[in-house]
Amino acid sequence: MARRRSRRSRSQPLDRLAIMIIAGLSLALGLLILSGDHATARVRDFTWQDRQVGAEDQAFLLTFSRPMDVASVEKNLTLDPPLPGKVSWAGRRMAYTLTQPLPYGETFSVGLKGARDRYAATANGSSRFEPFQSQFETRPRAFLYIGAEGDEANRLALADLSRQERTILTPKNLSVMAFKPYPLGDKVLFSASDTSQAGSLLNQQIYTVTTGLTPRPPVDFAAQRPPLWQQLWPQKKAAPSGETALVLDNSTYQNLKFDLSADGQTIVVQRVNQQNPADFGPWVVRQGSPPQPIETEPGGDFLIAPDSQSLLLLQGQGTAIIDLGSEKARGPNQPLDFLPNYGRVLDLAADGSAAAMVNFNQDDPEKRFTESLFLVTNQGREEELLQVSGAIVDAQFDPTRQILYVLASELVKAPPDADTLQSEDAYAEQPLLLAITLADAKASPLLRLPQQQRIHMSVAPDGRSLLIDLDGQTTPEGKTGAPIIWNLPLVHPAVSSDVAKSAEGADTTPSTAAAEASNASSMPTVTDPEEFPFSGLQATWLP
Amino acid sequence: MTQLNNGITLFFSLLVEAMPFLLLGVMFSSVLLLFVDEQKLLAVIPKNVVLAALAGSLIGFLFPVCECGNIPVARRLLTKGAPTAVAIGFLLAAPTVNPVVFWATWIAFRDQPEIVFLRVGFTLIVAVTIALIFSAQTDVRPFLQDSLTRIMGEPEPATPVPAEVEISPLLKSGTFLMQSPGQVLQLDAPPAQVLAQVAVAAPPMATRLRMMVDNMVLELRELGAVLVIGSAIAAFVQVAVPREVILSLGQGPVTSIVAMMALAWVVSICSTVDSFFALSFASTFTSGSLLAFLVFGPMIDLKNISLLLTVFKGRAILYLFVLAAQLVFLLALVMNLYTS
């Protein structure tokens with residue numbers, strides 16, 4: 001007992017050493033604190049650094065190395081050319097959300113100088129901030145079309161407006177029927193028949209072809225990061241343009257129509273058995289798994305919803321919404337929903353919040369022989385936007401989802417034609433291009449188009465122009481000329497207050513007949529339609 | 001009333017979070033007791049003090065325990081005669097330097113990967129430094145609780161012991177069995193520990209497993225009770241001093257470190273999940289302050305001080321606490337003031 005007490009009272013080596021070190025550390029800490037703050041705040045991460053962004057990218061993030069003085073950052077942040085947007089903060093992260101779609105084919109520089117961190121701001125100290133300078137670019141302005149003349153005939157071609165060049169993508173022996181670009185524009189899915197084989201027109205196969213464009217999309221900060229080894233793995237080199245690959249052959253089934261999902265992972269193809277025409281219906285093709293039929297009632301036209309998870313399929317008189325869920329479904333798929341009134345879906349807003357659908361007005365005797373365009377939202381609201389006596393050909397949402405561009409026709413009295421016999425009340429369909437503001441459902445015609453059946457329209461992903469292709473002028477011998485592609489720049493009053501100029505209205509020239517009528521505040525106008533020096537069909541902007 | 005509710009919620013959440021890890025620690029401790037031969041263990045451990053401290057810090061990779069589970073293991077290491085450097089290194093580093101915590105931190109701080117590596121690096125620096133300081137004491141028993149020193153027995157003296165020090169091992173309380181002259185077996189120690197001292201007799205596996213379970217129950221009852229008290233104290237302090245008050249202490253480059261360390265000490269959150277807790281502060285605090293939270297929290301907190309008291313005397317805990325706090329503060333301060 002006596003020994004233990006003596007051990008406790010005696011100072012141990014650990015006591016001495018610990019007290020010495022504690023004293024030393026206290027001194028070091030004091031000196032360190034007195035020496036002051038030497039750190040320089042900087043931008044740690046910029047999500048769009050040297051990236052190529054598209055219309056679906058709406059915000060970039062700047063992550064700082066320490067908490068920043070919000071006001072000094074917002075005041076000193078520069079974007080050249082300027083892009084309107086909103087700033088929001090979450091701690092050390094700043095998000096800049098654009099209020100308007102990015103114009104394509106441009107390079108933007110982002111700079112931040114003279115910002116202060118929060119510590120310097122509260123202490124009213126000097127700014128210790130590493131100046132930040134970076135840039136990003138938007139995707140090129142480019143569109144795809146099926147060539148009509150010469151070498152390009154029936155081949156898929158890419159017109160890059162930013163670089164002023166045209167490339168033929170598909171080989172000569174493939175006659176392209178339809179195509180759909182992949183979401184990043186690096187590949188195109190297309191259906192074509194091999195002209196070197198007999199009976200080729202019915203024998204469409206589905207292929208992909210590379211466009212030669214190298215997408216450098218920004219890293220999605222919300223998504224899961226790829227594993228470390230994938231980040232360190234050298235990036236694949238971009239494939240040169242024109243590399244085709246077969247996706248779906250026609251050995252047992254004929255391929256009729258196809259659609260590609262917005263994420264580029266799922267293809268839906270309408271197929272019919274070569275031997276048994278009753279074996280008919282949509283099939284789903286996914287990367288790395290064999291094509292599978294979707295067990296459902298046979299249907300007609302279809303569209304994959306922007307969430308890539310459901311299919312809108314025309315069945316009977318209405319539209320069924322069918323789950324495309326990635327697990328392999330066994331047994332017949334019950335539709336998730338059925339919209340009995342709508343016989344056609346023209347377009348879906350990119351966020352899936354609304355759809356433009358056509359009601360053929362079969363149930364209402366007063367509206368017989370008219371078609372109505374409806375806006376159907378995912379909140380269950382159904383609003384009639386337009387009723388026409390002719391047909392509603394196409395409708396596409398503007399990227400801001402504020403405007404719907406519509407191709408529709410009205411019945412008009414046919415112009416007298418000296419050469420043919422005509423009844424007294426002969427009617428013809430007059431196609432019109434309209435813009436409808438979705439906020440107040442106000443429709444205003446933009447252009448009166450020549451009277452012809454086949455008109456194709458494509459709204460640019462940045463909403464700043466519209467492509468229309470029309471059949472060429474009819475020659476005196478009755479031959480139709482090569483189809484013409486028109487570029488219609490759209491001027492949004494909010495963006496520019498340019499006065500619309502009207503073009504002379506020949507037969508195949510669109511006329512800005514109603515440009516003056518569209519003086520509604522947010523209604524775009526068409527200025528200076530431009531005819532491309534080459535001809536083609538189905539001109540479609542790359543996303 | 002709400003405060004009482006909050007307190008009870010906090011108390012039970014701390015307890016539920018810590019208990020599985022305490023159980024795991026007790027299990028590892030019992031395995032060490034019955035299945036690991038101390039001679040072999042001592043042979044594996046490096047003789048160099050620095051290497052021993054480092055080895056102790058890295059044992060966590062074998063025993064993934066958090067800061068409540070590591071105490072029974074560290075205690076067992078000490079009674080098995082492992083050098084102090086090993087035990088202290090393990091005590092301070094194992095809650096952080098282990099695969100589970102590394103993975104959890106990686107998931108939470110994937111966009112700041114330097115946090116993950118600096119967390120491990122800082123922990124190793126602090127743990128090895130303190131282990132070295134403690135190894136200055138060759139005989140660490142004055143700093144250990146009496147119940148522990150009794151089990152440990154006398155170390156082999158490094159220098160020839162003066163004759164008068166030769167006292168009978170019977171000169172302490174307890175029941176003893178005299179085997180042969182000079183060989184004494186304490187009988188009122190737990191049976192498994194008695195068995196461990198009689199290294200010659202290696203009972204069959206089934207008996208050993210049963211003894212392991214017995215020892216687990218024994219240790220869990222002892223440490224579990226202490227953990228309940230520790231959790232209750234931590235819950236009480238958190239109700240009395242809300243987190244907001246601690247966080248409002250500082251937003252500057254220096255005071256934010258103090259605030260985060262105080263928060264880590266008070267909330268006593270388990271090291272396996274604390275990175276997710278810290279993530280909620282990632283946007284408002286500098287990397288230095290976050291690291292201070294992530295490194296200091298697992299070493300010493302309000303809850304496990306009660307557990308530490310079953311091993312160390314108050315003086316040793318004070319040294320551990322002050323040295324760990326100062327070293328973490330120093331590293332975090334250098335980080336805040338000189339890097340970003």
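Residues numbered from 1 in each chain as written. Chains lettered and ligands numbered in written order. Predicted model: local features only at pLDDT ≥ 70, side-chain atom pairs only at ≥ 80, totals over all residues. Heavy atoms only, no water.

**A short note on the overall build of chain A**
Looking only at helices and strands, chain A has five helices and 36 strands in total. Per-residue burial for chain A yields a buried fraction of 46% across its 543 residues. Of the contacts made within chain A by residues no fewer than 6 positions apart, 52% connect residues no fewer than 24 positions apart. Summing over all exposed atoms, chain A offers an accessible surface of approximately 27,400 Å²; the carbon and sulfur share of this is 51%. (Helix = DSSP H or I, 4+ residues; strand = E, 2+ residues; numbered from the N terminus. Buried < 20%, exposed > 50% of the residue type's maximum accessible area, 1.4 Å probe, protein only. Contact = heavy atoms within 4.5 Å. Areas by Shrake-Rupley, 256 points an atom, 1.4 Å probe, with all protein chains shown as cover.)

**Let's talk about the overall build of chain B**
The number of helices and strands found in chain B is 16 helices and two strands. Here chain B holds 340 residues, and the buried ones make up 52% of them. Look at the contacts in chain B between residues 6 or more apart in sequence, and 78% of them connect residues 24 or more apart. Of the accessible surface of chain B, which amounts to about 14,400 Å², a share of 71% is contributed by carbon and sulfur atoms.

**Structural notes on helix α1 (residues 2-35) of chain B**
Over its 34 residues, α1 of chain B extends 49 Å from the first C-alpha to the last, a length consistent with the 50 Å expected when each residue adds 1.5 Å. The sharpest bend along α1 of chain B reaches about 30° and sits at Ala 18 of chain B, with the proline Pro 20 of chain B one to four residues further on. (Expected span 1.5 Å × (residues − 1). Bend = angle between axes of the 7 residues up to and from the residue.)

**Details of the packing of helix α12 (residues 255-267) of chain B against helix α14 (residues 287-299) of chain B**
All names here are of chain B. Where α12 meets α14, the closest approach of the two axes is 8 Å, and the angle between their N-to-C directions is 30°. It follows from the interaxial angle that α12 and α14 lie roughly parallel. When the axes of α12 and α14 are compared, the crossing they make is right-handed. Two secondary-structure elements touch here, α12 through Ser 256, Ile 257, Met 260, Met 261, Leu 263, Ala 264, Trp 265 and Val 267 and α14 through Ser 289, Leu 290, Ala 292, Phe 293, Phe 296 and Gly 297. (Axes fitted to C-alpha atoms, helices over the stretch in contact; angles between N-to-C directions. Parallel < 35°, antiparallel > 145°, perpendicular 65-115°, else oblique. Left-handed = near helix turned anticlockwise from the far one by under 90°.)

**Details of the side chain of Asp 69 of chain A**
Residues and elements named next belong to chain A. Tracing the backbone through its elements, the reader meets Asp 69 in the loop between β3 (59-64) and α3 (70-76). Arg 116 provides the closest opposite charge to the buried, salt-bridge-free Asp 69, at an N-O distance of 4.2 Å. Setting aside anything within four residues of it in sequence, one finds Asp 69 in contact with Arg 116, Asp 117, Arg 118 and Ala 121. (Lys, Arg positive; Asp, Glu negative; His and termini not counted. Salt bridge = Lys/Arg side-chain N within 4 Å of Asp/Glu carboxyl O.)

**A word on the interface of chain A and chain B**
Opposite the 38 residues of chain A that make contact, chain B presents 44 residues. Buried area between chain A and chain B, both sides added, is near 3,600 Å², and the carbon and sulfur share of it is 59%. Its largest share of buried area at the contact with chain B, chain A owes to Leu 14, Arg 92 and Tyr 119 of chain A, together 18% of the area lost on that side. Between the two partners, chain A and chain B, sit two salt bridges. One salt bridge in this structure joins Asp 15 of chain A and Arg 315 of chain B, with 2.5 Å as the shortest N-O distance. At the junction of chain A and chain B, the tally comes to eleven residue pairs in polar contact (both at pLDDT 80 or more). Counting residues per element, the ones that place at least two in the side of chain A that touches chain B are α1 (2-9), α2 (13-35) and α4 (118-122) of chain A. At 15 residues, α2 of chain A tops the list of elements feeding residues into the side of chain A that touches chain B. (Buried area = accessible area lost by both parts, 1.4 Å probe. Polar contact = N/O pair within 3.5 Å; in protein donor to acceptor, adjacent residues only side chain to side chain.)

**Regarding unusual backbone geometry**
All names here are of chain A. Of note, the amide linkage connecting Asp 80 to Pro 81 takes the cis form, showing an omega dihedral of -5°. One non-glycine residue with positive phi stands out, namely Asp 50, at about 50°. Position of Asp 50 among the secondary structure elements: in the loop between β1 (43-46) and β2 (52-53). A relative accessible area of 42% places Asp 50 in the partly exposed class. Its identity is not glycine, yet Ser 308 carries a phi of approximately 65°, on the positive side. Mapping Ser 308 onto the fold places it in the loop between β20 (302-304) and β21 (310-315).

**With respect to the pairing of strand β25 (residues 354-359) of chain A**
Residue and element names in this part refer to chain A. With respect to burial, β25 is a largely interior element, six of its six residues being buried. Of the two faces of β25, the one holding Ala 354, Ala 356 and Val 358 and the one holding Ala 355, Met 357 and Asn 359 are both buried throughout. Strand direction decides the pairing type here: strand β24 (residues 344-348) and β25, joined by four bridges, are antiparallel. Paired with Val 345 across the two strands is Met 357, which belongs to β25. Counting the residues between successive antiparallel strands, the hairpin from β24 to β25 contains five residues, one of them, Gly 352, with a positive phi of roughly 75°. (Pairing = 2+ DSSP bridges.)

**With respect to the packing of α1 of chain B against helix α10 (residues 205-240) of chain B**
Residue and element names in this part refer to chain B. As a packed pair, α1 and α10 sit with axes 7 Å apart at the nearest point and diverge in direction by 155°. As far as their axial angle goes, α10 and α1 are roughly antiparallel. For the pair α1 and α10, the sense of crossing is right-handed. Here the contact of α1 with α10 is built from residues that sort into 27 nonpolar, nine polar and two charged. (Nonpolar A, V, L, I, M, F, W, Y, C, P; charged D, E, K, R; others polar.)

**Quick word on the sheet that holds β21 of chain A**
All names here are of chain A. A sheet is described by the order of its strands in space; here four strands give the open sequence β20-β21-β22-β23, paired in antiparallel fashion. Every other strand in the sheet has two partners, leaving β20 and β23 (337-339) as the edge strands with one partner each. Pairwise comparison of adjacent strand axes, ignoring direction, gives a mean angle of 20° for this sheet. Across six bridges, β21 lies against strand β22 (residues 318-323) in antiparallel orientation. Counterpart to Leu 314 in the pairing with β22 is Thr 319.

**A look at the confidence of the model for chain B**
Summing up the model confidence of chain B, the mean pLDDT is 81 and the portion of residues at 70 or higher is 85%. This model gives residues 156-166 of chain B a pLDDT under 50, and the stretch forms one contact once residues within four places in sequence are excluded. (pLDDT = per-residue confidence, 0-100.)

**What about the packing of aromatic side chains?**
Residues and elements named next belong to chain A. Inspection of the entire model under this criterion finds 28 aromatic pairs over all chains. Taking 6.2 Å as the distance between ring centres and 25° as the angle between the ring planes, the aromatic pair formed by Phe 143 and Phe 534 counts as stacked. Of this pair, Phe 143 sits in strand β9 (residues 142-147) while Phe 534 sits in strand β36 (residues 530-541), placing them 391 residues apart in sequence. We classify Phe 143 as buried; its relative accessible area is 0%. We classify Phe 534 as buried; its relative accessible area is 12%. One residue, Lys 187, lies across the ring of Tyr 182, its end atom 4.6 Å from the ring centre. (Phe/Tyr/Trp six-rings, centres within 6.5 Å; stacked < 30°, edge-to-face > 60°. Lys NZ or Arg CZ within 6 Å of the ring centre and 35° of its normal.)

**Some words on the side chain of Gln 52 of chain A**
Residue position: Gln 52 of chain A is located in strand β2. With a relative accessible area of 10%, Gln 52 of chain A lands in the buried category.

**Some thoughts on a nonpolar patch on the surface**
Residues and elements named next belong to chain B. On the surface, Met 1, Leu 4, Ile 8, Phe 12 and Val 16 cluster together to form a nonpolar patch covering roughly 560 Å² of accessible area. Among the secondary structure elements, Ile 8 is positioned in helix α1. Residue Ile 8 is classed as partly exposed on the basis of its relative accessible area, which comes to 40%. (Patch = residues over 30% accessible without salt bridge, like charges linked within 9 Å, V, L, I, M, F, W, Y side chains within 5 Å.)

**Section: α12 of chain B**
Residues and elements named next belong to chain B. Relative to the 18 Å expected for 13 residues at 1.5 Å per residue, α12 spans 18 Å between its end C-alpha atoms, a close match to the ideal helical length. What α12 keeps buried is the set Ser 256, Ile 257, Ala 259, Met 260, Met 261, Leu 263, Ala 264, Val 266 and Val 267. One or two positions beyond α12, positive phi appears at Ser 268, with a value near 55°.

**Some remarks on the nonpolar core**
If you look at the biggest cluster of nonpolar residues, it comprises 111 residues, and the most contacted ones within it are Phe 90, Phe 109, Ile 130, Leu 263, Phe 293, Phe 312 and Leu 320 of chain B. For this core, the element with the most residues is helix α16 (residues 314-338) of chain B, which contributes 15 residues. Excluding residues within four positions of it along the chain, Phe 293 of chain B makes contact with Met 260, Leu 263, Ala 264, Val 267, Ile 269, Asp 274, Phe 277, Ala 278 and Pro 298 of chain B. Counting 24 residues, the second largest nonpolar core, distinct from the first, contains Met 68, Leu 77, Tyr 96 and Phe 108 of chain A. (Core = buried A, V, L, I, M, F, W, Y, C linked by side-chain atoms within 4.5 Å.)

**Focus on the confidence of the model for chain A**
Residues and elements named next belong to chain A. Put simply, chain A has an average pLDDT of 80, and 83% of its residues get 70 or more. This stretch, residues 1-7, has a pLDDT under 50; its non-local contacts, to residues over four places away or in other chains, come to six contacts. Below a pLDDT of 50 lies the segment residues 495-521, which in the model reaches 51 contacts outside its immediate sequence neighbourhood of four places, other chains included.

**A word on the sheet that holds β25 of chain A**
Residue and element names in this part refer to chain A. If you trace the four strands from one edge of the open sheet to the other, you get β24-β25-β26-β27, paired in antiparallel fashion. Here the strands that pair on one side only, and so sit at the sheet edges, are β24 and β27 (382-388). With strand direction ignored, the average angle separating the axes of adjacent strands in the sheet is 25°. The pairing of strand β26 (residues 371-377) with β27 spans six bridges and is antiparallel. Within β27, the residue paired with Val 376 across the bridge is Glu 382.

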